[in-house]
Amino acid sequence: MSVCFLNGKYGPLADARISPLDRGFLFGDGAYEVIPVYSRRPFRLGQHLQRLANTLDAIRLPNPHTPSEWAAIIDEIVARNPWDDQSVYLQVSRGCGERRNHAFPVPTHPTVFLMSDELVTAPAVQLENGVSAVSAADFRWLRCDLKSTALLANCLLRQLAVDSGCAETVLFRDGFLTEGSASNIVIVKDGVMLAPPKSHLMLPGVTYDVVLELAACHGLPHEVREILEDEVRGAEEIWMTSSTKEVLAITTFDDRPVGAGRPGPVGRQMYAWYQQFKTTVMRGG
């Protein structure tokens, strides 16, 4: 049974309880992070904790822990769970008020919750063949840069992919690419890797940053700029990037093949660089 952390105490996840008046439950009023762990070492922990701090600041929720305190809690969760590679979920809600009220409770006592699961990355068949995706209009709110727990729109958009037997929904707003329902999206056009710029319309992904760093390090031609929907539909390659998917090729998009309908050479090279980076930096190889 996996071990979780709830408001200062460690215990079995199945025994964890929160009040029905918790604002995370009532309003989705909170922030979260998902932190991959390789060989029991959290991946880019400082970057994840900074993104958490940015979200908490933006929603006016005081950060309940310092970076060193967060690191200690995460290390303990990793140590108490059985897997070498883990996915740590961290959530901070605004806690409970005396009654259901949209206004913030005064004083505020945040609810802090962490749990962990085995980190399962894309299986070999997906790496070999790629995955399918569908498209949809991006109807989410205008602060997608915040990693908020209010994810109903993302759930609805992700379900579109599930209903179609696909792995992801690629989102467009006003004719431009934003991201996926649960990933960042990168394309290759005329041999150049293109990534949409960070803005309030997309989540600043940690894996997205690593991919751009690897492109710069290895001299891969790349640009960060707004990407037209037509460019995505005519791309040679489309990738999804995230903490669990890492770098995964989309080879069928809206029932049409992307490029040759197989993972392309640029994506395969980026995946290899990413694995090499993991081995060198996270696994001490």
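On a predicted model such as this, the values are computed, not experimentally measured, just so you know.

*Asks:* Describe in detail the sheet that holds strand β6 (residues 111–118), supporting the description with residues and values.
*Replies:* Taken in spatial order, the 6 strands line up as β2-β1-β6-β5-β3-β4 in an open sheet, and their pairing is antiparallel. Of all the strands in the sheet, just β2 (9–12) and β4 (41–42) have a single pairing partner and so form its edges. With 8 bridges joining them, strand β5 (residues 86–93) and β6 adopt antiparallel strand pairing. Following the sheet pairing, Gln-91 is matched in β6 by Phe-113. Running over the sheet, helix α3 (residues 67–80) touches β1 (3–6), β2, β3 (30–38), β4, β5 and β6 and is turned about 135° from β5.

*Asks:* Describe the pattern of salt bridges, with residues and values.
*Replies:* Considering all chains together, one arrives at 17 salt bridges under this definition. Put simply, Arg-140 and Asp-138 hold a salt bridge, and the shortest N to O gap is 2.8 Å. Grouping residues by exposure puts Arg-140 and Asp-138 together as buried. The residue Arg-173 makes a salt bridge to Asp-138 at a minimum N-O spacing of 3.4 Å. In this pair, Arg-173 is assigned in strand β8 (residues 168–173) and Asp-138 in the loop between β7 (131–137) and α5 (152–163), connecting sequence segments 35 residues apart. Like Asp-138, Arg-173 is buried. Ionic contacts of the salt-bridge type, sharing partners, join the residues Asp-138, Arg-140, Arg-173 and Glu-179 into one network.

*Asks:* Kindly report on unusual backbone geometry, identifying the contributing residues and their values.
*Replies:* Cis geometry is adopted by the peptide bond preceding Pro-107, which originates at Val-106 and carries an omega value of -5°. Counting through the fold element by element, Pro-107 comes out in the loop between β5 and β6. Although it is not a glycine, Arg-44 adopts a positive phi angle of roughly 50°. Mapped onto the elements, Arg-44 comes out in the loop between β4 and α2 (45–58). Given a relative accessible area of 21%, Arg-44 falls into the partly exposed group.

*Asks:* Please give an account of empty space enclosed by the protein that cites residues and values.
*Replies:* Under the defined criterion, the tally for this structure stands at 1 cavity of 30 Å³ or more. Taken together, Glu-236, Glu-237, Ile-238, Ala-249, Ile-250, Thr-251, Val-258, Arg-262, Pro-263 and Gly-264 make up the full set of residues lining the largest cavity. The biggest single contributor to the lining of the largest cavity is strand β14 (residues 246–253), with 3 residues. Taken together, the residues that form the lining of the largest cavity break down as 5 nonpolar, 2 polar and 3 charged.

The rules behind these values
Residues numbered from 1 in each chain as written. Predicted model: local features only at pLDDT ≥ 70, side-chain atom pairs only at ≥ 80, totals over all residues. Heavy atoms only, no water. Pairing = 2+ DSSP bridges. Helix = DSSP H or I, 4+ residues; strand = E, 2+ residues; numbered from the N terminus. Contact = heavy atoms within 4.5 Å. Axes fitted to C-alpha atoms, helices over the stretch in contact; angles between N-to-C directions. Salt bridge = Lys/Arg side-chain N within 4 Å of Asp/Glu carboxyl O. Buried < 20%, exposed > 50% of the residue type's maximum accessible area, 1.4 Å probe, protein only. 1 Å grid on protein atoms, 1.4 Å probe; cavity = no way out; pocket = protein on both sides within 12 Å on 5 of 7 lines; lining within 4 Å. Points joined across faces, edges and corners; volume = space filled by probe spheres on them. Nonpolar A, V, L, I, M, F, W, Y, C, P; charged D, E, K, R; others polar.

By themselves these figures say nothing about function.
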